[in-house]
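An overview of the molecular structure
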Amino acid sequence: MTASVTLSGLRIEYGHHVAIDGLDLSIREGEFVVLLGPSGCGKSTLLNAIAGLEPVAGGRIEIGGADMTRALPKDRGIGMVFQSYALYPHMSVERNLSFALASAGRPKREIAQRVADVAGMLQLTPYLKRKPAALSGGQRQRVAIGRALVREAAVFLFDEPLSNLDAKLRNDLRVEIKKLHQRIASTMIYVTHDQVEAMTLGDRIAVMKGGEIQQFDTPEEIYHRPANRFVAEFMGAPMMNFLEGRIEGRSFLWQGQRLDLSGYGFRTAPQDGPAVLGLRPEHVHTTGPADGGTALAAQITLVEPMGPETVLWAETGGETLRIRAAGDIHAEPGQAAALAFDMPRAALFDAATGERL
Amino acid sequence: MTRSALLQRIALYAFLLTAAAIFGLPLYVMVATSLKSMPELRETGIFALPRALDPSAWRMAWTGACTGLTCGGISPGFWNSVKIVVPSVGLTVLAGALNGYAMTFWKPPLSGLLLGLMVLGAFLPHQIFLYPLVQWLSAIGIYQTLPAIIVIHCIFGIPLMTLLFRGYYSGLPRQLFLAAQIDGAGFWRIFLCIMLPLAAPVTVVAVILQSTAIWNDFLLGLVFAGRENLPMTVQLNNIVNTVTGERDYTVDMAATVLTALVPLAIFLLSGRWFVRGITAGAVKG
Amino acid sequence: MTLFKTDGARARWSMPLLALGPSWAIVLFCYLGTVILTFRISLTSSGMIPNGDYVGLAQYRKLLGSSRWETSFGNMLTFGAFFLAGALLVGTALAVALDRGVRGEAVFRTIFLYPQALSFIVTGLVWQWLMNPALGIQAAVQGWGWTGFSFDWPYDRGMAIYAVVLAGVWQASGVVMVLMLAGLRGIDRDIWRAARVDGISTWRTYAFLVLPQLGGMLATSVVLLSVGVIKVYDLVVALTGGGPGTASDVPAKFIMDYLFGRQNIALASAASIALLVTVLAVFVPFHYAAALRRRAREGAR
């Protein structure tokens, strides 16, 4: 079972406060879409609206081509997995799984069959008689997913399902969810504030801020060609470096340096004026003091070895830059370094609007 | 342990034991008096242990003591109280659970105002509301009947129960409610299958709190129950404070002990639940 | 303004509103409605049953000129002050003592708390018995040789209300103890370790570090006890009957006597409204201040 989800002109209000105003989003059948943003950006509100748990003030929600704007949650063909899993603590796993079907008044035999199928698929059969409190974190999450599977949901909604877990379990379950999507091919909409989850899980990511979608694209595009400064800042750790300077002709002027922009793909013809240059830490290279050339003189102020890589903090002309270097680099604070920028892979933003140029 | 620490310890236990003796004294005197006879009482005073366990005062209090006009003892009051407490507790607790559930999870318009008014009303002296209620119940012909006193206990009992359940439900994850909606359960099904069973602990607290409160009520029983249904507390006060002839204090105290027995038993058997009721009701208030 | 913005909202809220219907009825009719009717009766010259003879504020003038009302109201204030102070002091002292880690804490707690389970009628009658001049504590102590000892407060015009205070403190201290003990147990235990490292005495740790953190529990206790103060009725009826004479009368008993005993429902209604206004005059500013403080705190965040 799978279905497309289309939101058009969606508007959500809390009293007099408008949380979301005129939002459009189109999700294809079987697609895994991640809604990503800081807390308060409206991503959970949006998910709840799709689920029918949040009244909609205007616009339209279509699931599988049918208008579901005012439909009850149970009639939308959706399943939802919550942050706390929201398993009914007083019911056994079996009753947790069967509750929706029993609510819908399905015949007993059909319920038993479907619960058995799902339990088998999720390896929950040995635990059917247990209460949620007697399950491990991973098993609980599988029950939560099973609850959606039993209902043969066409669209799965995930509301930060991993954020309560420790790092190790989070990695394991992330893989589980990805495998599940490959197996059942249902549409999945996944809310998170964790960019690693977004990058690893999503076919496409919608980065949100202030109730608006900033960019909706594949993980690669979002990382390498962020649509504006907010997306650029939010994605990537350590954070992108931002250098404030001017565009003049085919060059970017910064700290008296003239950086070549001839390899940069402008969206529209560039105009001279103030702009911000964005450089990912991996696009700043240390060339070593001996290399010479057009390199920038800098001084290393901090070294953070991470194992596979080392993050260097280097100061040049009053700016501190973050640099991703090889794990086996030998650097020490106070050491001089020469920096080179990978200009074709940089991002240029309008100084006033923050939009990508 | 140093010398001063030892002295501190001794002072601490001395304080606690003295306090315990003062707090326990009334109960002791009440029980000891009820097991004596009047001559023995005059002779030995209130503090002496009874010479023998003489149950005659208890028997008299239960079946023979005079309450104003009749001399049937306090036993009719006991059964009246049972008849009042059981339905009143059932109704108020159920209504409190339903209200708490509806307010916490569905949040219909103006429910904050409703709760505020309920709490305000529950904290005011009942006397302010009494007379019009008497008039209305008379008008529909049930004033001073069993249904009347039950209705009145509901009117004044539901607010605190609502507060109690609302406090409990606001502590539950809201996602449970959302999940149940996704699963297709409606207002009543979510209440009956999920929220009511989940509220089992607070329901126990509510039942303890409410049965003690209604058993101990005096004012409402006095006004609304009617002569045939007077609860035990009212009958007790009638027995003791209606002086006909010489007062038999042993019977008075026996009747008092009998009246205190039910709530004391609830208190002793429920232990921590009782404490939880006091703190829950208080903290949320 | 319409209550419902959309059809969906109407469908969504129909059941919850139905469920809350009885409670709305209670609030609108039994609380607000009765107060309005009581106010209307207070403006008439009604005796045993309400009549339509409006006499303006005459009943209120009569009430304020009544020495019995003055006594009742004064008694409520006296009772309130001493009862609050007594129960808070005793309850806090017991809580601090139990917090020192004593053996048999559960037994002590049970002994201090059991009076709370009793009816005010039971409490009143027991203390009436204990303070019985002929056979109670006074007689016993005199029998031990202190012939000058006197403990007959319910029968002493000047002391009767303090008999009610004593019984009230006995009954209510346990609740304060429970709340304060819960508060003490909720305090970060590291305070104690820090205080010991800094060489601060146990007494000073309590007085300056621990008890000041129990403001919330203190406020809760005050609210709880205050509700008891304005409602005090049963205890007076059982312990002193309001006597001797009307020496230990309280407003709630004043109202009851004029409603059902003396058949002057207009005056009783005026007294009810006066009591209500008094309570609101205390409660509303208090509540408003608390709400303001809460908003300020949230704003600061």
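Computed from a predicted model, the values in this text were never measured in an experiment.

Section: the overall build of chain C
If you tally the helices and strands in chain C, you get 13 helices and 0 strands. Counting from the amino terminus, helix and strand elements in chain C follow one another as α-α-α-α-α-α-α-α-α-α-α-α-α. On C-alpha atoms alone, chain C measures out to a radius of gyration of 25 Å, which is more than a quarter above the 19 Å that the 2.2 N^0.38 rule sets for 301 residues. Once the C-alpha set of chain C is aligned to its principal axes, its extents read approximately 70 × 70 × 30 Å. Within the span of chain C, comprising 301 residues, buried residues form 50% of the whole. Excluding contacts between residues fewer than 6 apart, the proportion of contacts in chain C whose partners are at least 24 apart in sequence is 68%. Looking at chain C, you have 24 positive and 14 negative side-chain charges, and the mean spots of the two groups are 6 Å apart.

A short note on the domain arrangement of chain A
All names here are of chain A. Partitioning chain A into structural domains gives domain 1 (5-234) and domain 2 (241-350). Averaged C-alpha coordinates put domain 1 and domain 2 at centres separated by 39 Å. In this assembly, 8 residues from domain 1 lie in contact with 8 residues from domain 2. Between domain 1 and domain 2 lies a buried interface of about 860 Å² when both sides are counted; carbon and sulfur atoms form 48% of it. The three residues of domain 1 that bury the most area against domain 2 are Tyr223, Arg229 and Ala232, which together make up 58% of that side's buried surface. If you look at where domain 1 meets domain 2, you find 0 salt bridges. One can count 2 residue pairs in polar contact (both at pLDDT 80 or more) joining domain 1 with domain 2. Elements that contribute at least two residues to the side of domain 1 that touches domain 2 include exactly α7 (219-224) and α8 (229-234). Classifying every residue of the side of domain 1 that touches domain 2 gives 5 nonpolar, 1 polar and 2 charged.

Quick word on the interface of chain B and chain A
Think of interface size as the accessible area that goes away when the parts come together; that is how it is often given. Chain B puts 16 residues into the contact, and the matching count from chain A is 24 residues. For chain B, the biggest contributors to the area lost against chain A are Gln175(B), Ile182(B) and Asp183(B); these three give 41% of the whole. For the pair chain B and chain A, the number of links is 8 residue pairs in polar contact (both at pLDDT 80 or more). Of all the secondary structure elements, the ones that give two or more residues to the side of chain B that touches chain A are α8 (174-182) and α9 (187-198) of chain B. The element best represented in the side of chain B that touches chain A is α8(B), accounting for 7 residues. Tallied by class, residues from the side of chain B that touches chain A come to 11 nonpolar, 3 polar and 2 charged.

Some details on the side chain of Asp183(B)
Take Asp183(B): it is sitting in the loop between α8 and α9. Notably, Asp183(B) is buried but unbridged: the nearest opposite-charge side chain belongs to Arg147(A), and the N-O separation is 4.1 Å. At 2.9 Å, the side chain of Asp183(B) forms a polar contact with the side chain of Tyr88(A). Leaving out residues up to four positions away in the same chain, Asp183(B) has contacts with Tyr88(A), Phe99(A), Ala100(A), Ser103(A), Arg147(A) and Arg151(A).

Description of a positive patch on the surface
Where like charges cluster on the molecular surface, the positive patch consists of Arg293(C), Arg294(C), Arg295(C) and Arg297(C). Relative accessible area serves as the criterion here: at 42%, Arg294(C) is assigned to the partly exposed category.

Remarks on the interface of chain B and chain C
With 92 residues of chain B at the contact, the number on the chain C side is 88 residues. Interface area, chain B with chain C, both sides summed: about 7600 Å², of which 80% is carbon and sulfur. Applying the counting rule to chain B against chain C returns 0 salt bridges. Counting every contact that joins chain B to chain C gives 21 residue pairs in polar contact (both at pLDDT 80 or more). By residue number, the principal contributor to the side of chain B that touches chain C is helix α1 (residues 3-34) of chain B, which donates 17 residues. Residues of the side of chain B that touches chain C, tallied by class, amount to 69 nonpolar, 17 polar and 6 charged.

Quick look at the environment of Leu235(C)
Residues and elements named next belong to chain C. Counting through the fold element by element, leucine 235 comes out in helix α11 (residues 234-239). We classify leucine 235 as buried; its relative accessible area is 2%. Along the sequence, leucine 235 and serine 119 sit 116 residues apart, while their C-alpha atoms lie 8.6 Å from each other. When neighbours within four sequence positions are excluded, leucine 235 is seen to be in contact with Phe120, Thr123, Gly124, Val164, Ala167, Gly168 and Thr240.

Thoughts on the nonpolar core
One finds Tyr101(B), Met195(B), Phe224(B) and Phe112(C) to be the most contacted residues of the largest nonpolar core, which totals 224 residues. Membership of the second largest hydrophobic core comes to 44 residues, among which are Leu36(A), Leu165(A), Ala198(A) and Val231(A).

A word on the state of the cysteines
One pass over the structure, following the stated rule, counts 0 disulfides over all chains. For Cys154(B), which is in no disulfide, the shortest distance to another cysteine sulfur is to Cys30(C) and amounts to 11 Å.

Focus: empty space enclosed by the protein
If you walk through the whole model with that rule in mind, you get 4 cavities of 30 Å³ or more. Approximately 1400 Å³ is the volume found for the largest cavity. For the largest cavity, the lining is made up of 44 residues, of which Leu160(B), Ala213(B), Gln116(C), Phe120(C) and Lys231(C) are closest to its centre. In terms of residues, the lining of the largest cavity owes the most to one element, helix α10 (residues 200-216) of chain B, which gives 6 residues. Within the lining of the largest cavity, the residues separate by chemical class into 27 nonpolar, 14 polar and 3 charged.

Quick notes on the environment of Thr233(B)
Positionally, Thr233(B) belongs in helix α12 (residues 232-241). Here the alpha-carbon distance between Thr233(B) and Asp54(B), two residues 179 residues apart in the chain, equals 24 Å.

Digging into the side chain of Ser248(C)
All names here are of chain C. Residue position: serine 248 is located in the loop between α11 and α12 (251-261). When its relative accessible area of 0% is taken as the criterion, serine 248 is described as buried. Setting aside its immediate chain neighbours within four residues, serine 248 contacts Asn75, Ala160, Ile161, Val236, Thr240, Gly242 and Gly243.

With respect to the sheet that holds strand β4 (residues 58-63) of chain A
Residue and element names in this part refer to chain A. Within the open sheet, the 4 strands sit side by side as β2-β1-β4-β5. Their pairing is antiparallel. Edge positions in the sheet fall to β2 (17-27) and β5 (66-67), since each has one partner strand and no second. Pairing between β4 and β5: 2 bridges, direction antiparallel. Residue pairing across strands places glutamate 62 opposite aspartate 67, the latter belonging to β5. Where helix α1 (residues 43-51) meets the sheet, its contacts fall on β1 (5-14), β2 and β4, and the angle it forms with β1 comes to roughly 115 degrees.

Analysis parameters
- Residue positions are counted from 1 within each chain, in the order its sequence is given.
- Following the order in which they are written, the chains are lettered starting with A and the ligands numbered starting with 1.
- Where totals are concerned, whole chains, interfaces and linings use all residues; where local detail is concerned, this predicted model gives features only for residues with pLDDT of at least 70, and gives and counts side-chain atom pairs only at 80 or more.
- To get the side-chain values, take all heavy atoms of the structure and skip hydrogens and water.
- Helix and strand definitions follow DSSP, with helices as H or I runs of at least four residues and strands as E runs of at least two, each counted in order from the N terminus.
- Radius of gyration here is computed from C-alpha atoms only, and the compact-globule reference equals 2.2 Å multiplied by the residue count raised to the power 0.38.
- The buried label goes to any residue with under 20% of its type's maximum accessible area, the exposed label to any with over 50%, and the partly exposed label to all in between, with areas taken from a 1.4 Å probe on protein chains only.
- Note on contacts: a residue pair is in contact if any heavy atoms of the two residues lie within 4.5 Å.
- In this tally Asp and Glu are treated as negative and Lys and Arg as positive; neither His nor the chain ends contributes.
- Note on charges: their place is set at NZ of Lys, CZ of Arg, CG of Asp or CD of Glu.
- Domain start and end points were adopted from an automatic or database domain assignment.
- Accessible area that two parts lose when put together, with a 1.4 Å probe and added across both, is what the buried area reports.
- By convention in these notes, a salt bridge is any Lys or Arg side-chain nitrogen within 4 Å of a carboxyl oxygen on Asp or Glu.
- By the criterion applied in these results, polar contacts are pairs of N or O atoms within 3.5 Å in which, for protein atoms, one can donate a hydrogen and the other can accept it, and in which residues neighboring in sequence qualify only through two side-chain atoms.
- Three classes are used, and their members are as follows: Ala, Val, Leu, Ile, Met, Phe, Trp, Tyr, Cys and Pro are nonpolar, Asp, Glu, Lys and Arg are charged, and the others, Gly among them, are polar.
- For patch building, the residue pool is restricted to those with more than 30% relative accessible area and no salt bridge; the joining distance is 9 Å between like charges and 5 Å between nonpolar side chains (Val, Leu, Ile, Met, Phe, Trp, Tyr).
- All accessible-area figures derive from a Shrake-Rupley calculation using a 1.4 Å probe, and residue coverage is judged against the displayed protein chains alone.
- Only buried residues count toward a nonpolar core. Its members are Ala, Val, Leu, Ile, Met, Phe, Trp, Tyr and Cys residues joined through side-chain atoms within 4.5 Å.
- Cysteine sulfur atoms are paired as a disulfide whenever they come within 2.5 Å of each other.
- Using a grid of 1 Å spacing that covers the protein atoms alone, one calls a set of points a cavity when a 1.4 Å probe fits there but cannot get out, and a pocket when the set is open and has protein on both sides within 12 Å along at least five of seven lines; lining residues are those with an atom within 4 Å of a point.
- Grid points are joined across faces, edges and corners, and a volume is the space filled by probe spheres set on the points.
- Two strands qualify as a pair provided that DSSP identifies no fewer than 2 bridges between them.
- In this analysis, axes come from line fits to C-alpha atoms, helices being fitted only over the stretch in contact, and the angle between any two N-to-C directions falls in the range 0 to 180 degrees.

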